Amino acid sequence: GAVVSQHPSWVICKSGTSVKIECRSLDFQATTMFWYRQFPKQSLMLMATSNEGSKATYEQGVEKDKFLINHASLTLSTLTVTSAHPEDSSFYICSVIQTGGSSPLHFGNGTRLTVT
Amino acid sequence: KNQVEQSPQSLIILEGKNCTLQCNYTVSPFSNLRWYKQDTGRGPVSLTIMTFSENTKSNGRYTATLDADTKQSSLHITASQLSDSASYICVVSHPMFSGGYNKLIFGAGTRLAVHP
């Protein structure tokens, strides 16, 4: 069964609105979760590392004020795309590291965001 | 620079045929090399994981090889099925000495289409 649950699987929103995406670790506690972005026919690009109880670490070029990450518990991280624009339309995927592990292994099924 | 390159970019084969996908990497040091299958609109699913000392690993009709000296890996698919149509992504896990976790370096993937 699924180890990582991501919700919603797809969302359409209007420009200027905010969208929240959830990533849940179902089978184990995850101190660290990762958020990726994938454009069509391209590979996954790491956006940020979400750490439970502390601030997220963002990759270079990713606006932390636009992509808000909250990791309030050991099983849930959320990514909020604020003031969305059409260029934010993409496929967003999360992955998790099991507490005590060193490599993210399991990925969520992704969220297709379309901003109109 | 740590990079993962895959070839070919895309491949079309007939059902029942075999195929081999290639992955070359420059990531150093590395913890492990994985092959993932990603169906369209879905998150990646792990096929194989190999550490530095492993040369080959199988998962059903999928067989991965690793040559750590030449930094090359391959994924061989035997007796292809229509359901094998997907993107296959080579991912190298790179130890991050700060943060305590490994960073995943993704290849761009090979898009495989299996035709009847």
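Preceding block: the structure.
Residues numbered from 1 in each chain as written. Chains lettered and ligands numbered in written order. Predicted model: local features only at pLDDT ≥ 70, side-chain atom pairs only at ≥ 80, totals over all residues. Heavy atoms only, no water.

1. Structural notes on the interface of chain A and chain B
Each partner contributes to the interface: chain A provides 19 residues, whereas chain B provides 21 residues. Three residues, A:Leu105, A:Phe107 and A:Asn109, lead the burial of chain A against chain B; their summed loss comes to 28% of the area buried on that side. One can count one salt bridge joining chain A with chain B. One salt bridge in this structure joins A:Glu59 and B:Lys103, with 3.3 Å as the shortest N-O distance. Taken together, the connections running from chain A to chain B amount to four residue pairs in polar contact (both at pLDDT 80 or more). Elements with a minimum of two residues in the side of chain A that touches chain B: strand 4 (32–38), strand 5 (45–51) and strand 9 (90–97) of chain A. (Contact = heavy atoms within 4.5 Å. Buried area = accessible area lost by both parts, 1.4 Å probe. Salt bridge = Lys/Arg side-chain N within 4 Å of Asp/Glu carboxyl O. Polar contact = N/O pair within 3.5 Å; in protein donor to acceptor, adjacent residues only side chain to side chain. Helix = DSSP H or I, 4+ residues; strand = E, 2+ residues; numbered from the N terminus.)

2. Considerations on the nonpolar core
The biggest cluster of nonpolar side chains holds 25 residues, and the ones touching the most others in it are B:Val4, B:Tyr25, B:Leu33, B:Trp35, B:Leu75 and B:Tyr88. Elements represented by at least two residues in this core include exactly strand 3 (19–25), strand 4 (32–38), strand 5 (45–51), strand 7 (62–67), strand 8 (72–77), strand 9 (86–95) and strand 11 (110–115) of chain B. Here B:Leu75 is in contact with B:Cys19, B:Thr20, B:Leu21, B:Trp35, B:Leu47, B:Tyr62, B:Thr63, B:Ala64 and B:Tyr88, once residues within four sequence places are set aside. Within the second largest apolar cluster, 24 residues are counted, among which are A:Phe28, A:Met47, A:Tyr92 and A:Val115. (Core = buried A, V, L, I, M, F, W, Y, C linked by side-chain atoms within 4.5 Å. Buried < 20%, exposed > 50% of the residue type's maximum accessible area, 1.4 Å probe, protein only.)

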